[in-house]
Amino acid sequence: MNDAPLNNFWADSAPGEAGPRPALTGHHEADVAIIGAGLTGLWTAYYLKTLSPDLVIRVLEAERVGHGASGRNGGWVIGSLAGLSRLVDGLSRDERRACCRMLADNVEAIGATLAREGIEAEFHKGGAIYAAARYPGQEAIQRAYLEHLHALGHAEEACYWLDAAELAERAHFRNARGGVFQRDCATVHPLKLLRGLAGRLEAMGVTIHEQSRVRSRHPRGVTTESGHLRAEVTVSATEGYCAGLAEMQRYVLPVQSQVIATEPLSASHWAEIGMDGRPAFADASRLVNYGHRTADDRLVFGARGNYRLGGRPTWGQAIPASAVTLRRDLLVDLFPALEGVKITHGWGGSLGLSRRFRPHALLDRASGLATAGGYAGEGVAASHLFARTLADMILERDTDLTRMPWAMGDTRPSHGLRRWEPEPFRWLAARLISLSYAGEEALMRRERSLGIVRPALARLNDAFASIIE
Ligand SMILES: Cc1cc2nc3c(=O)[nH]c(=O)nc-3n(C[C@H](O)[C@H](O)[C@H](O)COP(=O)(O)OP(=O)(O)OC[C@H]3O[C@@H](n4cnc5c(N)ncnc54)[C@H](O)[C@@H]3O)c2cc1C
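This one's a predicted model, so the numbers in the text were calculated from it and none came from an experiment.

Chemist: Even after reading the chapter, I still don't get the site of the ligand, so can you show me in this structure?
Modeler: As a matter of local geometry, the ligand sits amid 37 residues, with Thr-40, Glu-61, Ser-70, Val-214 and Val-380 nearest to it. Asn-73 places a polar side-chain atom, nitrogen or oxygen, 3.4 Å from an oxygen atom of the ligand. In the environment of the ligand, an oxygen atom lies 3.0 Å from a nitrogen or oxygen atom belonging to the side chain of Glu-239. Within the complex, the protein chains bury 99% of what would otherwise be the 1000 Å² of accessible surface of the ligand. Elements supplying a minimum of two residues to the shell around the ligand: helix H2 (39–51), strand S12 (252–262), strand S16 (343–354) and helix H11 (379–394). Ranked by the residues each element gives to the shell around the ligand, the list is headed by S16, at three residues. Composition of the shell around the ligand by domain shows at least three residues from each of domain 1 (12–73 + 190–252 + 356–416) and domain 2 (125–184 + 254–353).

Dropping the structure here:
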């Protein structure tokens with residue numbers, strides 16, 4: 001076991017980049033300014049430029065391409081959406097199905113776009129397993145999750161139950177009792193994707209400025225430390241890194257998330273744990289334990305972190321040794337054969353939560369502001385879909401995407417989005433929720449002796465969660 005700090009595996013394994021791209025200096029004009037060179041920002045630039053090649057687009061990134069969550073995530077490209085229940089609430093069965101089909105097809109669409117553009121990002125569609133593995137109560141949780149997916153509108157042939165034997169054919173979790181298989185999920189090397197996309201955008205004529213932190217936005221433009229960009233529309237694509245942009249930070253809450261990677265595993269390890277099809281996997285914990293087998297035969301494994309008072313995002317990547325150990329122990333709990341395997345990487349970042357867990361793609365034509373985010377930890381695929389939605393809205397195209405429930409055309413943020421409560425209430429609610437999750441987890445592990453307490457704790461847990469829903 002290593003001592004922290006460890007590095008971000010994606011940064012260590014992506015081809016290096018030359019020095020920073022030039023910062024914005026002086027006065028310039030563009031049709032569209034994009035704040036943030038993560039997936040939302042770059043995909044928005046890509047679809048705008050593809051649909052309207054004459055547009056002048058400049059991307060302004062505070063640090064380097066992929067500095068935010070997009071260059072640090074767990075690499076799941078999932079064909080569903082956190083917060084979907086809120087979005088489809090009130091829709092007919094057919095509308096729900098159409099929405100879920102759009103989310104599912106989005107996974108293939110990302111793979112197809114990467115292939116068409118020649119971006120090698122280790123995209124692999126192996127589905128996702130949600131295993132009921134670590135304690136008996138997880139089976140009921142996973143069966144309820146499957147029903148929930150179907151109720152949302154996901155097709156039965158795309159999400160189905162694996163019994164213990166079927167699960168064992170795909171992966172060997174300790175004590176596995178079965179689990180949900182979700183067909184429409186891929187995995188990707190996120191930083192290879194982003195760097196490839198950035199290069200492609202530059203070839204298409206989009207200008208990317210790095211080390212160009214936007215200090216303020218005003219109708220029809222933004223100001224950085226060393227320049228000013230006048231633009232008809234400004235896209236704020238900063239998700240969990242919006243602190244510092246007064247306009248957005250009221251609506252999107254940064255939550256920390258942390259990931260580790262193992263050394264490349266040996267053939268005998270893989271024989272013990274399976275995963276020949278390289279599926280993504282998760283267990284039923286509310287702490288969100290998830291991972292996948294990388295192209296170079298490591299396991300990348302993450303679990304949700306915490307919320308910091310004042311909503312400060314994680315700008316640095318290093319995580320404490322205790323965070324690495326916690327994730328390593330969870331991983332070994334799922335796959336005991338990994339005891340003793342070296343953890344070579346560990347890193348963290350911030351993802352964005354919208355109030356009511358409602359992800360959004362919003363355009364306020366009056367002030368020229370467009371934004372997308374609030375993906376709640378499922379933004380790798382969603383950012384692609386929401387960026388396409390934003391591009392259609394900005395170009396005034398009436399498409400299936402602009403009719404999706406996340407699309408808020410001609411809406412002011414103050415009308416379309418709900419604000420988070422002031423501190424310290426946010427911090428307190430977040431603290432209580434994570435304590436109740438950890439408590440629930442501990443009790444579920446000892447199910448037999450504490451069976452009576454568990455339902456009470458689950459109710460308490462839901463009560464806390466409803467504070468922020
Ligand atoms: C550790 C971790 C694991 C995750 N795992 C997964 C996963 O497996 N699957 C999944 O679907 N999702 C996952 N997510 C969430 C997902 O990565 C994000 O939802 C998604 O990448 C958000 O993309 P974005 O482009 O909207 O924002 P970001 O990628 O966060 O980009 C925002 C950018 O804006 C820049 N910026 C901020 N302020 C300014 C400013 N004032 N001026 C200029 N630039 C600025 C930042 O430097 C940053 O580069 C994870 C997130 C984290 C942190």
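Chemist: Sorry if this is basic, but what is going on with the packing of aromatic side chains here?
Modeler: Remark: the centre distance and the inter-plane angle together describe each pair of aromatic rings, the angle taken between the planes. Evaluation of the coordinates by the stated rule reveals 16 aromatic pairs. With 5.9 Å between their ring centres and 65° between their planes, Phe-173 and Phe-281 make a pair best called edge-to-face. With a gap of 108 residues between them, Phe-173 in the loop between helix H6 (164–170) and strand S6 (178–182) and Phe-281 in strand S13 (residues 280–283) connect regions that are remote in the sequence. Accessibility classification places Phe-173 together with Phe-281 in one group, the buried group. Summarising the aromatic geometry, the rings of Tyr-241 and Trp-315 are spaced 5.1 Å apart at their centres and angled 75° between planes, so their arrangement reads as edge-to-face. Taken together, the residues span a long stretch of sequence, with Tyr-241 in the loop between strand S11 (227–236) and helix H8 (246–249) and Trp-315 in the loop between strand S15 (299–304) and helix H10 (321–334) at a distance of 74 residues. With a relative accessible area of 28%, Trp-315 lands in the partly exposed category. Connected via pairs of aromatic rings, a cluster forms that spans Trp-76, Tyr-130, Tyr-145 and Tyr-290. Taking the ring centre of Trp-161 as reference, the NZ or CZ of Arg-143 above it sits at 3.9 Å.

Chemist: Is there a simple way to explain the domain arrangement of the chain in this structure?
Modeler: Where interface size is quoted, it is often the accessible area lost as the parts come together. In terms of domains, the chain is made up of domain 1 (12–73 + 190–252 + 356–416), domain 2 (125–184 + 254–353) and domain 3 (425–468). A separation of 37 Å is found between the C-alpha centroids of domain 1 and domain 3.

Chemist: Is there a simple way to think about the sheet that holds S12 in this case?
Modeler: Hydrogen bonds between backbone groups are what pair the strands of a sheet, and the pairing can be parallel or antiparallel. Across the sheet, eight strands lie side by side as S5-S6-S4-S13-S14-S15-S12-S16; this open sheet has mixed pairing. Only two strands of the sheet have a single neighbouring strand rather than two, namely strand S5 (159–163) and S16. Sheet twist, expressed as the average angle between the axes of neighbouring strands with direction ignored, equals 25°. Summarising the sheet, S13 and strand S14 (residues 289–293) pair through three bridges and their orientation is antiparallel. When the sheet's bridge partners are listed, Phe-281 is paired in S14 with Gly-291. Strand contacts of helix H5 (residues 137–152): strand S4 (128–131), S5, S6 and S13, with the helix running at about 155° to S5, the strand carrying the most contacts. Relative to the sheet, H10 contacts S12, S13, S14, S15 and S16, its axis offset from that of S15 by approximately 115°.

Chemist: Would you mind showing me how to read the pairing of S11 here?
Modeler: Across a regular strand the side chains alternate sides, sitting on one face of the sheet and then on the other. Most of S11 sits out of view: eight of its ten residues are buried. Two elements, strand S1 (residues 26–35) and S11, share nine bridges in a ladder whose sense is parallel. Paired with His-27 across the two strands is His-228, which belongs to S11. The pairing of strand S10 (residues 221–224) with S11 spans three bridges and is classified as antiparallel. Residue pairing across strands places Gly-221 opposite Arg-230, the latter belonging to S11. The hairpin formed by S10 and S11 contains two residues between the paired strands.

Chemist: Explanation requested: the side chain of Glu-117 in the structure shown.
Modeler: Within the secondary structure layout, Glu-117 lies in helix H4 (residues 93–117). Those residues in contact with Glu-117 that sit more than four places away from it in its chain are Tyr-46 and Arg-200.

Chemist: What am I meant to see in the pairing of strand S18 (residues 369–373) here?
Modeler: When you tally the buried positions in S18, you get five out of five residues, the bulk of the element. On S18, burial covers both faces: Leu-369, Thr-371 and Gly-373 on one face and Ala-370 and Ala-372 on the other are all buried. Of the pairings in the sheet, the one linking S11 to S18 comprises three bridges and is parallel in character. Bridge pairing in S18 links Thr-234 to Leu-369. What sits between the antiparallel neighbours strand S17 (residues 360–364) and S18 is a turn of four residues, in which Gly-368 has the positive phi angle 75°.

Chemist: In this structure, what is going on with the packing of H2 against helix H7 (residues 190–204)? I would like to understand it.
Modeler: When two helices pack together, their arrangement is given by the angle between the helix axes and by the axis-to-axis distance. Put simply, H2 and H7 touch, their axes get as near as 10 Å, and they point 35° apart. Crossing of H2 against H7: the hand is left-handed. Mapping the contact onto sequence places Leu-39, Leu-42, Trp-43, Ala-45, Tyr-46, Lys-49 and Thr-50 in H2 and Leu-193, Leu-194, Leu-197, Ala-198, Leu-201 and Met-204 in H7. Class assignment of the residues belonging to the contact of H2 with H7 gives a composition of eleven nonpolar, one polar and one charged.

Chemist: Would you explain the nonpolar core in this entry?
Modeler: Considering soluble globular proteins, one finds that nonpolar side chains tend to be buried as a cluster. Ranked by internal contacts, the top residues of the largest apolar core, which has 83 residues, are Leu-42, Trp-43, Trp-76, Leu-84, Val-235, Phe-386 and Trp-406. Among the elements that make up this core, the one with the highest residue count is H11 (ten residues). In this structure, this core is formed jointly by two domains, domain 1 (12–73 + 190–252 + 356–416) and domain 2 (125–184 + 254–353), each of which donates at least three residues. Apart from residues no more than four positions distant in its own chain, Leu-42 is found in contact with Ala-37, Val-59, Val-65, Leu-194, Leu-197, Ala-198, Leu-201 and Ile-208. Ile-273, Met-275, Leu-330 and Ile-343 belong to the second-largest nonpolar core, a separate cluster that totals 29 residues.

Reading guide: rules and limits
- Residues numbered from 1 in each chain as written.
- Predicted model: local features only at pLDDT ≥ 70, side-chain atom pairs only at ≥ 80, totals over all residues.
- Heavy atoms only, no water.
- Near = heavy atom within 4 Å.
- Polar contact = N/O pair within 3.5 Å; in protein donor to acceptor, adjacent residues only side chain to side chain.
- Areas by Shrake-Rupley, 256 points an atom, 1.4 Å probe, with all protein chains shown as cover.
- Helix = DSSP H or I, 4+ residues; strand = E, 2+ residues; numbered from the N terminus.
- Domains from an automatic or database assignment.
- Phe/Tyr/Trp six-rings, centres within 6.5 Å; stacked < 30°, edge-to-face > 60°.
- Buried < 20%, exposed > 50% of the residue type's maximum accessible area, 1.4 Å probe, protein only.
- Lys NZ or Arg CZ within 6 Å of the ring centre and 35° of its normal.
- Pairing = 2+ DSSP bridges.
- Axes fitted to C-alpha atoms, helices over the stretch in contact; angles between N-to-C directions.
- Contact = heavy atoms within 4.5 Å.
- Left-handed = near helix turned anticlockwise from the far one by under 90°.
- Nonpolar A, V, L, I, M, F, W, Y, C, P; charged D, E, K, R; others polar.
- Core = buried A, V, L, I, M, F, W, Y, C linked by side-chain atoms within 4.5 Å.

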